[in-house]
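Each chain, written out:
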Amino acid sequence: MNIIEVEQLSKNFGQLVAVDEVSFQVVEGEIFGFLGPNGAGKTTTINMLCTLLTPSSGRAIVNGYDVVRQRSEVRRSIGLVFQDSTLDEYLTAEQNLRFHAYAYKIPKKIREKRISELLGLVELSDRRKSKVRTFSGGMKRRLEIARGLLHSPRVLFLDEPTLGLDPQTRRHIWDHILAVRKQNNLTIFLTTHYMDEAENSDRITIIDNGHIIALDTPDKLKDALGGDVVTLKAVDNDAATLELKERYGLSAAIQNGTITFSVPQGEKFLPKLMDSFQSRLLSIGIRRPTLDDVFLKLTGRAIRDEEAGPKELLKGHRMRMGHGR
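Description of the structure in this document.

1. Side note on the sheet that holds strand β8 (residues 187-191)
Step number 1: Taken together, 6 strands build an open sheet; the order of strands is β6-β7-β8-β3-β9-β10 and the sheet is mixed. A single partner strand is all that each edge strand has here, and the edge strands are β6 (78-81) and β10 (211-216). Adjacent strand axes in the sheet meet at a mean angle of 20 degrees, parallel and antiparallel pairs treated alike.
Step number 2: With 3 bridges connecting them, strand β3 (residues 31-35) and β8 associate as parallel partners. Across the sheet, I31 pairs through a bridge with I188, a residue of β8.
Step number 3: In this fold helix α5 (residues 137-149) packs onto β6 and β7 (155-159), with an angle of close to 165 degrees to the strand it touches most, β6.
Step number 4: Across the sheet, helix α11 (residues 291-299) is in contact with β3, β9 (203-208) and β10; its angle to β9 comes to roughly 30 degrees.

2. Brief notes about the sheet that holds strand β2 (residues 16-27)
Note: strands within a sheet are paired through backbone hydrogen bonds, in either parallel or antiparallel orientation.
Step number 1: Read across the open sheet, the 4 strands follow the order β2-β1-β4-β5; overall the sheet is antiparallel. Looking along the sheet, the strands with just one partner apiece sit at the ends: β2 and β5 (65-66).
Step number 2: Examined bridge by bridge, strand β1 (residues 2-13) and strand β4 (residues 57-62) share 5 bridges and lie antiparallel to one another. Residue pairing across strands places I4 opposite V62, the latter belonging to β4.
Step number 3: Against the sheet, helix α1 (residues 42-49) makes contact with β1, β2 and β4, and its axis sits at roughly 120 degrees relative to β1, the strand it touches most.

3. Some thoughts on α5
Step number 1: In this model α5 runs 19 Å from its N-terminal to its C-terminal C-alpha over 13 residues, within 8% of the 18 Å that 1.5 Å per residue would give.
Step number 2: Within α5, 12 of the 13 residues are buried, which leaves it mostly tucked inside the rest of the structure.
Step number 3: If you check which residues of α5 are buried, you get G138, M139, K140, R141, R142, L143, E144, I145, A146, R147, G148 and L149.

4. Here's the deal with unusual backbone geometry
Step number 1: Residues other than glycine seldom take positive phi values, yet S152 does so here, at roughly 55 degrees.
Step number 2: As for its position among the elements, S152 is in the loop between α5 and β7.
Step number 3: One non-glycine residue, N209, lies in positive phi territory at about 55 degrees.
Step number 4: A relative accessible area of 57% means that N209 is categorised as exposed.

5. Details of the pattern of salt bridges
Step number 1: For the structure on display, the rule yields 21 salt bridges.
Step number 2: The partner of E30 in a salt bridge is R203, and the shortest N-O contact between them spans 2.7 Å. Taken as a pair, E30 in the loop between β2 and β3 and R203 in strand β9 lie far apart in primary sequence, 173 residues in all.
Step number 3: Among the residues examined, E30 registers a relative accessible area of 7% and is labelled buried.
Step number 4: Between E94 and R128 there is a salt bridge whose closest N-O contact spans 2.8 Å. You can see E94 sitting in helix α3 (residues 93-103) and its partner R128 sitting in the loop between α4 (108-121) and α5, a full 34 residues away along the chain.
Step number 5: On the basis of relative accessibility, which here comes to 8%, the residue E94 falls in the buried class.

6. Brief notes about helix α6 (residues 167-184)
Step number 1: Relative to the 26 Å expected for 18 residues at 1.5 Å per residue, α6 spans 26 Å between its end C-alpha atoms, a close match to the ideal helical length.
Step number 2: The set of residues buried in α6 consists of R170, I173, W174, H176, I177 and V180. Looking down the long axis of α6, one finds its buried residues gathered within 160 degrees of arc, a one-sided arrangement. Those residues of α6 that are exposed and aimed more than 90 degrees away from the buried face are P167, Q168, K182 and Q183.
Step number 3: For α6, the side-chain oxygen to backbone nitrogen distance between the N-cap and Q168 is 3.1 Å, and the N-cap itself is D166.
Step number 4: Just downstream of α6 lies N185, where phi reads positive at about 50 degrees.

7. Quick notes on the pairing of β2
Step number 1: Relative to β2, β1 runs antiparallel, the two being bridged by 8 bridges. Note that in β2 the partner of L9 across the bridge is V22.
Step number 2: Connecting the antiparallel pair β1 and β2 is a turn made up of 2 residues, with G14 showing a positive phi of about 65 degrees.

The rules we used
- Residues numbered from 1 in each chain as written.
- Predicted model: local features only at pLDDT ≥ 70, side-chain atom pairs only at ≥ 80, totals over all residues.
- Heavy atoms only, no water.
- Pairing = 2+ DSSP bridges.
- Helix = DSSP H or I, 4+ residues; strand = E, 2+ residues; numbered from the N terminus.
- Axes fitted to C-alpha atoms, helices over the stretch in contact; angles between N-to-C directions.
- Contact = heavy atoms within 4.5 Å.
- Expected span 1.5 Å × (residues − 1).
- Buried < 20%, exposed > 50% of the residue type's maximum accessible area, 1.4 Å probe, protein only.
- Salt bridge = Lys/Arg side-chain N within 4 Å of Asp/Glu carboxyl O.
- Arc of directions from axis to C-beta.
- Polar contact = N/O pair within 3.5 Å; in protein donor to acceptor, adjacent residues only side chain to side chain.

Purely geometric stuff here, so don't read any function into it on its own.
Laid out in structure tokens, this is it:
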């Protein structure tokens, strides 16, 4: 069953076409990764799905509700965890959750029980009366996940959920996210620039220049690269890239001073290359492909360089989500 259905969805800002007739479906209960370079249309698409922007054309259905005609129903169906913290740091953990419960009109008879359950789920029960300003970054993120789940949404949107956290804390956050997903059959719509984090996705969509350019499982996306990834550094990278194209028919990219391309059976190709390559090489390596390689191949850019900063419209609309119904 599809819990999100997007058909020919577009958004124009004057003459700028930010999203151009994108179509995709998200299956109930899956983790759906949504990746794209800065300015690709990723955040604009998410904002339309969350009812923060009105589409110029097309149609989007979330949990059976139209994002234009049934905005209130959509908003009650979704939770949001923003890239930056939107907690009130001068309130306690339980006060932050209680404020959210009031905004979503959660009945009093279940409100306190739900708050206690979620604080337990994210292992913050012992800090429920502590002010958020005393929390670490990881604790704040766990509290925000609890807040996003408080009104029992069907879809949880995670916008860079572990940005800026250390690897151990990121792994801990994901332990909680995966536990929540399993317990509630929750659908998770994820944006991230950490490719190891994107590996948690059941399927990944890559959007660039307002168009969907790939949609598949992580393994199939990597397999589509056509083999092993070879990395080279040469005295003259431009000349080496040209030689790869003219002599071997290989399309290579230069990123951070390193030439990258894919070939089937790389371990057999490398000896032949070393015997006949004219450009002077400084180093050479081979490995299995990663999602970083997929992203670079499809967009020509490395996601770590592109995704660290944009907040656009999503962050600024928290109060509309809470009070604009």
